[in-house]
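# A closer look at the structure
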Amino acid sequence: MSPRGRAIVWQAAALGAAGALVGLAALEAASNLKARGIASGFAYLGRAAGFEIAPGPLPYSARDTYARALAVGLVNTLRVSLAGIVLATVMGVMLGLARLSKVRALSLPAAGYLEVVRNTPLLLQLLVWYSLWQGLPGPRAALHPLPGVLLCNRGLFLPSLSERPALSGFDIRGGLSLSPEFGALLLCLATYTAAFLGEIVRGGVLSVGRGQTEAAAALGLSRARTLRLVVLPQALRVMVPPATSQFLNLAKNASLGVAIGYPELIAVTGSTLNQTGQAIEAIALATLVYLAVSLSFSLAVHLWRRGRW
Amino acid sequence: MSAGWAVVHERFRFILLGAYPRDQQWRPALAIVLFVALYVLSARRACWRPWLPAAWLAILTGAIVLMRGGPLGLARVPTESWGGLPLTLLLATVGFAAAFPPGVALALGRRSALPAIRALSIAYIEVMRGVPLVTFLFMASLMFPLFVPAGFTIDKLLRAQAALALVQAAYLAEVVRAGLEAVPAGQREAAASLGLRFGPATVLVVLPQALRISIPALVNTFIGFFKDTTLVTVIGLFDLLGTARAVIVDPRWFGAAVPVYLLVAAVYFTFCFAVSRYSQHIERSLMAHGHQ
Amino acid sequence: MQGVHKRYGAFPALSDINLQVRRGERIVICGPSGSGKSTLIRCINGLERHQQGRIAVDGVELTGDPRATDAVRREVGMVFQQFNLFPHLTVLENCTLAPMWVKKMPRREARDLAMHYLHRVRIPEQAAKHPGQLSGGQQQRAAIARSLCMRPKLMLFDEPTSALDPEMVQEVIETMVSLAEEGMTMLCVTHEMGFARQVADRVIFMDAGQIVEANRPDAFFDAPQQARTRLFLSRIVH
């Protein structure tokens, strides 16, 4: 057989095998679902969810549909991811610069922080943060770190435009509230990702040759100006792809919120699944959403690369 | 806080070895020793010979048989009772070993000239890497029963292990792919000029070099897998983190969280830090001596 | 080679190449960089595909069918500018790899064959070492031995000395000369004009993908006919 012919046969076999696997699984699933009396299809999305979700930016009650519940989950995931990315970037840049610093009082603790965060499991860190938050004093003995801000084991309360949080009975009411779950997850994701971003920043800055800084110094630029105008723009080019990869990891790691009861997408999917029994549809939806996010990230990096070069 | 350390002392065995029957606990302890021996063996360059994969297979099989029981008069212990450090080591090591061949195959598939093979490989890698690992563990524990004939059950641990290995294969594929791309094109040309076809040329010339180049990255990936095993807590398996959590949740030991977590963190940290130091050492040594 | 053309996209790498090589002939190809010399010899063992024309080695035509390419590669050996020895194998293993796996030769026979050729190129003591431990000249000689172990009918050399330090060029040239004296059919792309004068039956000058001039060495060097050839020769310090 000609080489072209053989190539086609191999590919047809591979596709056929993959297709057969999927087909077999689908057939089996269909018969099992029927036997157990579990419905199929996405009609359940229009039914009332029947479970509660901790209050957040999107108003929701148990009478709302499963579709709305999923939307709430998605918003929660995006909320903590975006806040996490911003916080992690700020911390990461500071960490990277600290690592690069000649001052040992800065670079050594930074290195130590890095080693601890990178060598312990993320889930463990999350549980520690959550325990710490739960160890905070109760609402009656809440801490006042800043004017108008209250911190206790029920959450972090910030003043909103119209009102300030205050103790009311056994609870704190008013203002913007961030649940302990959100807070712990945010801090965990931010500190973890900041460690990796710090290394990326350090690698990016180091990748700019020494000759650049020497030339800038010869031209009379101060250290700060050199950093800002000469080193950072070039370092950025090197840093963006791995940094985007870390951002995507952060978004994926947000799914660990399920372990502490933060109602992000996976957690809501789990509750939906428990109520309806329609595991396939529920998990497939969550998978598709995450795939959409990760592929958009990859596409964005790809386009950014094309645009710059 | 002092109550915390009392907890650690009391429940130390449980945290470390899980709910394994007390009189048989020498078995998981021995398994831990076997795993550590395997790592130490694999770390020595003198042992990087063709018999190393066989050694891995032998030791891993031995560890599993030891934990499970059956032959040699060892009492059977169901996987539900496995827990703690042996379970973590098992999940990480067996996962890595199981993920390696598919990972290499995917890396080669990704670079294939045949468009269908390439598309399938890319699709698999992107899906497995784009979705959180937790989702796949949920799939393994909740979705899986729906896809197989009724009455055909597979052990939950085995399902979780399979899920881990399938995902890790995708990450390994990317590491091996980078290694393949780092092998100079002239190597394949020289092999071709000598009359070696694609298959033998890849296995005899390109892959050995690609894998050697990838060793530091492979070791770092193993550290990541080791940390990822903690996620099985979410589906109800009792790895080292799972046993720790179970101890804390017990109302008798309320407020004991921090010391227990510190203990567990220390174990993970020691292992991961040691391995990452080794990875840096091996990277330096490979660069200094070239390919020898 | 008859009427061979090759393009890289729109760029014509080879234009209407016609070349007949008889058994035992030694041919040197020279020319400025980018003239297509390497491309020409890489087409002969199938590392590059030609788009037009016929290439046949000892009766076997290169059609793109992998079996034809394999058959040709068994009879044609190639020595590269960058040596391309396999760094993870010893010198001996480099030499025995192809005979064992392509010709299914038993290990002992392959070892003896390899040691024979390592003696030929005068580096038998390096057999157990890895390529990284050898000097450049030794590496290239090992590469020559590796190709010889397949007992090729034709040897192709792609600028074999260009990556070597000057003091090591001589040992490789000597090896090539002794090979020529044994009657090996050779096609060499090289800048070593001394070698051409000493050993070549024909010298070919290429420019911009075409064969501009071909002649016996003495006629070529002393009485070049084309202006481009004269220009090229005047630039070489020999």
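Read on for a plain summary of the structure. In this text, all values refer to a predicted model and were calculated from it rather than measured experimentally. (Residues numbered from 1 in each chain as written. Chains lettered and ligands numbered in written order. Predicted model: local features only at pLDDT ≥ 70, side-chain atom pairs only at ≥ 80, totals over all residues. Heavy atoms only, no water.)

## Brief notes about the interface of chain A and chain B
Contacts between the two partners involve 42 residues from chain A and, on the opposite side, 41 residues from chain B. Linking chain A with chain B are 0 salt bridges, by the criterion used here. At the boundary of chain A and chain B, one finds 6 residue pairs in polar contact (both at pLDDT 80 or more). The leading source of residues in the side of chain A that touches chain B is helix α1 (residues 3-36) of chain A, at 13 residues. Considering only residue class, the side of chain A that touches chain B consists of 27 nonpolar, 9 polar and 6 charged. (Contact = heavy atoms within 4.5 Å. Salt bridge = Lys/Arg side-chain N within 4 Å of Asp/Glu carboxyl O. Polar contact = N/O pair within 3.5 Å; in protein donor to acceptor, adjacent residues only side chain to side chain. Helix = DSSP H or I, 4+ residues; strand = E, 2+ residues; numbered from the N terminus. Nonpolar A, V, L, I, M, F, W, Y, C, P; charged D, E, K, R; others polar.)

## Regarding the interface of chain B and chain C
Taken together, the contact between chain B and chain C spans 18 residues of the former and 25 residues of the latter. Counting across the chain B and chain C interface gives 2 salt bridges. When the shortest N-O distance is used, the salt bridge between R197(B) and D70(C) registers 2.4 Å. Taken together, the connections running from chain B to chain C amount to 6 residue pairs in polar contact (both at pLDDT 80 or more). Elements with a contribution of two residues or more to the side of chain B that touches chain C: α8 (185-193) and α9 (198-228) of chain B. The element best represented in the side of chain B that touches chain C is α8(B), accounting for 7 residues. Each residue belonging to the side of chain B that touches chain C can be placed in one class, and the counts come to 8 nonpolar, 7 polar and 3 charged.

## Overview of the sheet that holds strand β2 (residues 11-17) of chain C
The pairing of strands in a sheet comes from backbone hydrogen bonds and takes either a parallel or an antiparallel form. Residue and element names in this part refer to chain C. Pairing is antiparallel in the open sheet, where 3 strands are placed in the order β2-β1-β4. Each edge of the sheet is formed by a strand with only one pairing partner; in this case those strands are β2 and β4 (52-54). For this sheet the average axis-to-axis angle between neighbouring strands, irrespective of direction, equals 20 degrees. Bridge analysis of strand β1 (residues 2-8) against β4 gives 2 bridges, and the strand direction is antiparallel. The partner of H5 across the bridge, within β4, is Q52. Against the sheet, helix α1 (residues 37-44) contacts β1 and β2, and its axis sits at roughly 65 degrees relative to β2. (Pairing = 2+ DSSP bridges. Axes fitted to C-alpha atoms, helices over the stretch in contact; angles between N-to-C directions.)

## Looking at the sheet that holds strand β10 (residues 202-207) of chain C
All names here are of chain C. Spatially, 6 strands are ordered β7-β8-β9-β3-β10-β11 in an open sheet, and the strand pairing comes out mixed. A single partner strand is all that each edge strand has here, and the edge strands are β7 (76-79) and β11 (210-215). Sheet twist, expressed as the average angle between the axes of neighbouring strands with direction ignored, equals 20 degrees. In this structure, strand β3 (residues 26-30) lies alongside β10, joined through 4 bridges in parallel fashion. By the bridge assignment for β10, I27 is matched with R202.

## Quick look at the side chain of N215(C)
Residue and element names in this part refer to chain C. By the element assignment, N215 lies in strand β11. The class for N215 is buried, based on a relative accessible area of 18%. Those residues in contact with N215 that sit more than four places away from it in its chain are D201, R202, V203, F220 and Q225. (Buried < 20%, exposed > 50% of the residue type's maximum accessible area, 1.4 Å probe, protein only.)

## Focus on a nonpolar patch on the surface
Residues and elements named next belong to chain A. Side chains of V93, L97, L227 and L232 sit close together on the surface and give an oily, nonpolar patch of about 270 Å² of accessible area. At the level of elements, α2 (66-100) and α7 (223-253) are the ones that each hand at least two residues to the nonpolar patch. Here L232 lies in helix α7. Relative accessible area serves as the criterion here: at 33%, L232 is assigned to the partly exposed category. (Patch = residues over 30% accessible without salt bridge, like charges linked within 9 Å, V, L, I, M, F, W, Y side chains within 5 Å. Areas by Shrake-Rupley, 256 points an atom, 1.4 Å probe, with all protein chains shown as cover.)

## Quick word on the pairing of β2(C)
Across 4 bridges, the pairing between β1(C) and β2(C) is antiparallel. The residue bridging Y8(C) from the neighbouring strand is F11(C), located in β2(C).

## Section: the side chain of Q126(C)
All names here are of chain C. Tracing the backbone through its elements, the reader meets Q126 in the loop between α4 (107-120) and α5 (136-148). Looking at Q126, the relative accessible area reads 6%, which means it is buried. Setting aside its immediate chain neighbours within four residues, Q126 contacts V91, L134 and Q138.

## Brief notes about the packing of aromatic side chains
Throughout the structure, instances matching the rule amount to 14 aromatic pairs over all chains. When the centroid spacing of 6.0 Å and the interplanar angle of 45 degrees are considered together, the rings of F96(B) and F100(B) count as tilted. Of this pair, F96(B) and F100(B) both sit in helix α4 (residues 84-110), 4 residues apart, which is roughly one turn of the helix. The class of F100(B) is partly exposed, set by a relative accessible area of 24%. Members of the aromatic cluster, joined through ring pairs, are Y39(B), W56(B), F96(B), F100(B), F222(B), F225(B), F226(B), Y268(B) and F271(B). Directly above the aromatic system of F86(C) lies the positively charged group of R146(C), at a separation of 4.5 Å from the ring centroid. (Phe/Tyr/Trp six-rings, centres within 6.5 Å; stacked < 30°, edge-to-face > 60°. Lys NZ or Arg CZ within 6 Å of the ring centre and 35° of its normal.)

## Considering the pattern of salt bridges
All told, the structure shown has 22 salt bridges over all chains when counted by the stated rule. Here E25(C) makes a salt bridge to R22(C), at a shortest N to O gap of 3.8 Å. Judged by its relative accessible area of 4%, E25(C) falls in the buried class. Notably, a salt bridge pairs E75(C) with K153(C), separated by 3.4 Å at the nearest N-O pair. One end of the pair, E75(C), is in helix α2 (residues 66-75); the other, K153(C), is in the loop between α5 and β8 (154-158), with 78 residues separating them in the sequence. Each of R110(B), E174(B), R177(B) and E181(B) takes part in a single network of salt bridges with overlapping partners.

## Observations concerning the nonpolar core
In terms of nonpolar packing, the biggest core is built from 138 residues, with F51(A), V80(A), W82(B), L137(B), L241(B) and V264(B) touching the most fellow members. Of all the elements, helix α5 (residues 180-207) of chain A adds the most residues to this core, at 13 residues. When neighbours within four sequence positions are excluded, V80(A) is seen to be in contact with F182(A), L185(A), L186(A), L189(A), L250(A), A254(A) and Y262(A). Counting residues in hydrophobic clusters, the runner-up holds 50 residues, among them V121(C), I123(C), C149(C) and F232(C). (Core = buried A, V, L, I, M, F, W, Y, C linked by side-chain atoms within 4.5 Å.)

## Digging into the pairing of β11(C)
Bridge count for β10(C) against β11(C) is 5 bridges, and the pairing is antiparallel. When the bridges of β11(C) are listed, V203(C) appears paired with N215(C).

## Observations concerning the packing of helix α3 (residues 52-68) of chain B against α4(B)
Angle between the axes and distance between the axes are the two parameters that describe a pair of packed helices. Residues and elements named next belong to chain B. Packing of α3 against α4 brings their axes to within 11 Å, and their N-to-C directions diverge by 145 degrees. Both α3 and α4 take part in a crossing whose hand is left-handed. Residues W56, L60, I64 and M67 of α3 form the contact with α4, whose own contacting residues are P86, L90, T93, V94, F96 and A97. Classifying every residue of the contact of α3 with α4 by side-chain character gives 9 nonpolar, 1 polar and no charged. (Left-handed = near helix turned anticlockwise from the far one by under 90°.)

## Quick notes on helix α5 (residues 115-130) of chain B
With 16 residues, α5(B) extends 22 Å between its outermost C-alpha atoms, agreeing within 8% with the 22 Å of an ideal straight helix rising 1.5 Å per residue. Every buried residue of α5(B) is accounted for by A116(B), S121(B), I125(B), M128(B) and G130(B). (Expected span 1.5 Å × (residues − 1).)

## Brief notes about a positive patch on the surface
Residue and element names in this part refer to chain C. A cluster of basic residues, R74, K103, K104 and R151, forms a positive patch on the protein surface. For K103, the location among the structural elements is in the loop between α3 (91-102) and α4. Judged by relative accessible area, which is 34%, K103 ranks as partly exposed. (Lys, Arg positive; Asp, Glu negative; His and termini not counted. Charge placed at Lys NZ, Arg CZ, Asp CG, Glu CD.)

## Thoughts on unusual backbone geometry
Residues and elements named next belong to chain C. With a phi angle near 55 degrees, N84 is a residue other than glycine that sits in the positive phi range. Within the fold, N84 resides in the loop between β7 and α3. On the basis of relative accessible area, N84 is assigned to the buried category, the value being 11%. Although it is not a glycine, R122 adopts a positive phi angle of roughly 70 degrees. With respect to the helices and strands, R122 occurs in the loop between α4 and α5.

## Concerning the packing of α2(A) against α7(A)
Residues and elements named next belong to chain A. The interhelical angle for the contact between α2 and α7, taken along N-to-C directions, is 140 degrees, at an axis separation of 11 Å. Between α2 and α7, the interaxial angle falls into the category oblique. Seen along the crossing, α2 lies across α7 with a hand that is right-handed. Contact residues: T77, V80, S81, G84, I85, A88, T89 and L97 in α2; L227, F247, L250 and A251 in α7. (Parallel < 35°, antiparallel > 145°, perpendicular 65-115°, else oblique.)

Geometry only, nothing functional implied.
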